[in-house]
Number of protein chains: 2
Amino acid sequence: MNSSYTVFGIKTGIIIPGDNITDIILCALKVPDTLKDGDIIVIAESALASSEGCIIKLDEVKPSEAALELSRRYNTEPRLTEVVLRESDSIVGGIPGFLLCMKSGTLLPNAGVDGSNAPEGTVVTLPKNPDGSAERIHNEIFEKTGIRAGIIIADSRTHAMRLGCSGVAIGCYGITAVSDEKGRKDLFGRALEVTELAIADNIASAAELVMGEANESTPVAIIRGLGLEINKESGVQSIEPSGCLFMGVAMNSNPSLFN
Amino acid sequence: MNSSYTVFGIKTGIIIPGDNITDIILCALKVPDTLKDGDIIVIAESALASSEGCIIKLDEVKPSEAALELSRRYNTEPRLTEVVLRESDSIVGGIPGFLLCMKSGTLLPNAGVDGSNAPEGTVVTLPKNPDGSAERIHNEIFEKTGIRAGIIIADSRTHAMRLGCSGVAIGCYGITAVSDEKGRKDLFGRALEVTELAIADNIASAAELVMGEANESTPVAIIRGLGLEINKESGVQSIEPSGCLFMGVAMNSNPSLFN
C-alpha cells in the first residue's frame, strides 16, 4: 500500500488586529468533514502576527544612531532598520537592501519584519511567541471541537545559495518538529549518517504550495493523512552556530561575526 | 472552493546500477489511475544516482595530498574526502566531520557524497546531470504513456541555522522551478517585496514527508492536483554568492572565502 496525504488551502478574509485566529480557521474550514483528529494546521506567520497586533506604523518610529548607520551601510530604509534592530537578537551583517539577523536561534533577513500584506505605511513583525500561540490555538480547537490537531506557524524564507523562498516552521505545537532517526538503518542495513529530519519545515513547505505570498488570502492549510502522532511537544529545536555547517564555516573564517 | 493536492509515496525495490528508473517508476505506480497529465514525479537523487552507476568503491580511491590535508583539518575520512574533492567545484570550508562545498552553483555538505543507502564500502555521488536525467525521464514517460509529467530530482539538505534536513530540488524538467511573482500585489494592493517562490524546493520537501531517508524503499513520490503548467523548462536557477544574503555576509567578512 502506498502512503499518501493531502494538503488543503483554506481561504479567509483579511485578518486584522484583535481577530481570533482560531475562530477564523474554524469558520473558514470547508475541507471534507471539516477537521479530523491528526490533521496538521499550518498558519502563515503574517496572519497570526496581524491578528496579534504585531503591526508597527513607520511614521511613529524614530531611527536610532545605530539604525541610521546600518541603513547607510546597507542601503536600507532607516525607520524599517530601526524596527529590524529592535526585533533582532543580533545583526550578523547585510547585503544592499537586507540585514541578516539572528532571532530566537534562527538566521533570517530583516528579522522577519515585512512590509508585504500589511496596511500602507506599516510593517508586520514576527509573532511574539509562535510556539505559545501554536499551543493556544491547539487548545482552543480542542475545546471547541474535541479534535487534537498539530499546529505549525510557517514563514517563507530564503536559504543559502538557493533562489526563491520556501516554507519553514517558526512555531510548532502537538507534533515532533524534528524527528531523530538515530539507530535506524539504511537500505543496506547500515546506520544512517544523517539522522535528523526537519518534519515541520517540510510540512511548512508543503503548505506554502497552496498558500502563496500574494493576494491569495489563503493563510491557512490543512495537512491530512500524514499519520504523525499528535503529542504535547512544543517548539522547533534550533542549533548552535558552531554546530551549523554554514555558520561554522563563516565563524571559522571570521570569529568576530557573532560578537 | 479550497485548493488541494495530494502526495503519494511510491515504493520500489532496491535500485542498482543499470536499472531503468523510468521503468521502475511505471512498474511501481499503484496510485489511483496510475499517472495523470500534470502529475509531478519526485525522484530521490540517491535512487537516480544508483541507477546511473554513480557508486564509488572506497578501496579503489587513493587520497591526494590535498585530500589528506583537508581530512586532517576537518577530521574526515581521507578516501571520502578525496571523492568529495573530485565532486566539488570548490571547498568553502568545513566543521569537524563535514566539508562545505560549492557544486553546480549550490552550497552543500560533502558535495552530496553519501554513504547511506549505498552498499558497504561504497559511497554514492550526486547524479552527473540531474536536469538532463529529469528531461530524459519526462520524455521516456511521454513515449511510453502519452502523459506529460513534471520531473523533480530531490535531495535532502541542511540549511543555515536549521536543525534537520529538508527537501530541495537539484534537478527539474517540465515545470517552472522558481516562480517569479514580480508585479503581483499583496493583500493591500502593494507590490510584493519578495517575489520569488522556490516551487520545486517546496515540492521536494512535500515529497520528502512520504519518502524518508532510511529503509523505507520509497524513493519516488507523485504530486497530484497542484495545477502547475507542464512546460519545457529545464533546471533550477541558482544565484550568485554576492546576491545571496547568507554568502554575501560571509564574503563581506572574508573576501577570500571563494578563492
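Cut-offs applied
Residues numbered from 1 in each chain as written. Chains lettered and ligands numbered in written order. Predicted model: local features only at pLDDT ≥ 70, side-chain atom pairs only at ≥ 80, totals over all residues. Heavy atoms only, no water. Helix = DSSP H or I, 4+ residues; strand = E, 2+ residues; numbered from the N terminus. Buried < 20%, exposed > 50% of the residue type's maximum accessible area, 1.4 Å probe, protein only. Contact = heavy atoms within 4.5 Å. Areas by Shrake-Rupley, 256 points an atom, 1.4 Å probe, with all protein chains shown as cover. Least-squares fit on C-alpha atoms with pLDDT ≥ 70 in both. pLDDT = per-residue confidence, 0-100. Buried area = accessible area lost by both parts, 1.4 Å probe. Salt bridge = Lys/Arg side-chain N within 4 Å of Asp/Glu carboxyl O. Pairing = 2+ DSSP bridges. Axes fitted to C-alpha atoms, helices over the stretch in contact; angles between N-to-C directions. Parallel < 35°, antiparallel > 145°, perpendicular 65-115°, else oblique. Left-handed = near helix turned anticlockwise from the far one by under 90°. Arc of directions from axis to C-beta. Polar contact = N/O pair within 3.5 Å; in protein donor to acceptor, adjacent residues only side chain to side chain.

1. Quick look at the overall build of chain A
The number of helices and strands found in chain A is seven helices and 12 strands. Considered along the principal axes of its C-alpha atoms, chain A spans approximately 60 × 50 × 30 Å. Split into buried and exposed, the 259 residues of chain A put 58% on the buried side. Counting only contacts in chain A whose residues sit at least 6 apart along the sequence, the fraction spanning at least 24 positions is 59%. Of the roughly 10,400 Å² of accessible surface on chain A, a fraction of 50% belongs to carbon and sulfur atoms.

2. Let's talk about the relation of the copies chain A and chain B
If you rotate chain A by 180 degrees and push it 0.0 Å along the axis, it lands on chain B with an RMSD of 0.0 Å. The operation mapping one copy onto its partner corresponds to a two-fold rotation axis. Here 100% of the interface residues in chain A have copies in chain B that are interface residues too; the copies meet face to matching face.

3. Some thoughts on the confidence of the model for chain A
For residues with low pLDDT, the predicted coordinates do not support detailed interpretation. In the predicted model, chain A carries a mean pLDDT of 89, and 91% of its residues have values of at least 70. In the model output, the complex is listed with pTM 0.93 alongside ipTM 0.92.

4. A short note on the interface of chain A and chain B
Between chain A and chain B, the contact holds 98 residues from the first and 98 residues from the second. In this assembly, chain A packs against chain B so that about 8,300 Å² is buried in total across both faces, 62% of it on carbon and sulfur atoms. Considering only the surface of chain A that becomes buried against chain B, Met161(A), Arg162(A) and Leu163(A) emerge as the three largest contributors, covering 12% of it. Put simply, chain A and chain B have two salt bridges between them. A salt bridge links Asp201(B) to Arg162(A); the shortest N-O distance between them is 2.7 Å. For the side of chain A that touches chain B, the leading source of residues is helix α6 (residues 199-211) of chain A, giving nine residues.

5. A closer look at the environment of Gly189(A)
All names here are of chain A. Relative to the elements of secondary structure, glycine 189 occurs in the loop between β10 (179-180) and β11 (196-197). According to the relative accessible area criterion, glycine 189 is partly exposed, its value standing at 45%. Taking the C-alpha atoms as reference points, glycine 189 and serine 50, 139 residues apart in sequence, are found 49 Å from one another.

6. Some details on the environment of Ala204(B)
All names here are of chain B. Within the secondary structure, alanine 204 is located in helix α6 (residues 199-211). Judged by its relative accessible area of 1%, alanine 204 falls in the buried class. In the structure, alanine 204 is positioned 36 residues away from glutamate 240 in sequence and 22 Å away in space, judged by C-alpha atoms. In contact with alanine 204, not counting residues within four places along its chain, are Val42, Ala154, Gly167, Val168 and Ala169.

7. What to know about the sheet that holds strand β4 (residues 90-95) of chain A
All names here are of chain A. The three strands lie next to each other as β4-β5-β6, forming an open sheet whose pairing is antiparallel. Of all strands in the sheet, those bounded by a partner on one side alone are β4 and β6 (106-109). Sheet twist, expressed as the mean angle between neighbouring strand axes with direction ignored, is 25 degrees. The pairing of strand β5 (residues 98-103) with β6 spans four bridges and is antiparallel. Its bridge partner being in β6, methionine 102 is matched across the sheet by leucine 107. Those strands touched by helix α3 (residues 65-74) are β4 and β5, and its axis lies near 25 degrees from that of β4. With respect to the sheet, helix α4 (residues 78-87) is in contact with β4 and β5, its orientation differing from that of β5 by roughly 20 degrees.

8. Remarks on the packing of helix α1 (residues 21-28) of chain A against helix α5 (residues 130-145) of chain A
All names here are of chain A. Put simply, α1 and α5 touch, their axes get as near as 9 Å, and they point 55 degrees apart. It follows that α1 is oblique to α5 by the angle criterion. In the crossing of α1 with α5, the sense of the turn from one axis to the other is right-handed. In contact with Ile21, Thr22, Asp23 and Leu26 of α1, α5 contributes Arg136, Ile137, Glu140, Ile141, Lys144 and Thr145.

9. What to know about the side chain of Ser71(A)
Residue and element names in this part refer to chain A. With respect to the secondary-structure elements, serine 71 resides in helix α3. Residue classification places serine 71 among the buried positions, given a relative accessible area of 8%. Residues within four places of serine 71 in sequence aside, it is in contact with Thr76, Glu77, Pro78 and Thr81.

10. Digging into the sheet that holds strand β6 (residues 106-109) of chain B
Residue and element names in this part refer to chain B. The three strands lie next to each other as β4-β5-β6, forming an open sheet whose pairing is antiparallel. A single partner strand is all that each edge strand has here, and the edge strands are β4 (90-95) and β6. Between one strand and the next, the sheet's axes are offset by a mean angle of 25 degrees, whatever the strand orientation. Along the sheet, helix α3 (residues 65-74) makes contact with β4 and β5 (98-103), crossing β4 at roughly 25 degrees. The sheet contacts of helix α4 (residues 78-87) involve β4 and β5, and relative to β5 the element is tilted by about 20 degrees.

11. Remarks on helix α1 (residues 21-28) of chain B
Residues and elements named next belong to chain B. Within the sequence span of α1, burial applies to Ile21, Thr22, Ile24, Ile25 and Ala28. One side of α1 carries all its buried residues, which in axial view fall inside an arc of 165 degrees. Residues of α1 that are buried make contact with β1 (4-10), β2 (40-44), α2 (45-51), α5 (130-145) and β12 (220-224). Capping the start of α1 is the job of one residue whose side-chain oxygen sits 2.8 Å from the backbone nitrogen of threonine 22: asparagine 20.

12. What about the pairing of β12(B)?
Residue and element names in this part refer to chain B. The element β12 is largely enclosed, with a buried count of five among its five residues. Residues Val220, Ile222 and Arg224 point to one face of β12 and Ala221 and Ile223 to the other, with burial holding for every one of them. As defined by bridge partners, β1 adjoins β12 across five bridges and the pair is classed as antiparallel. Pairing of valine 7 across the sheet is with isoleucine 223, part of β12. Bridging between β2 and β12 involves four bridges; their strand directions are antiparallel. Across the sheet, residue isoleucine 40 finds its bridge partner in β12, namely isoleucine 223.

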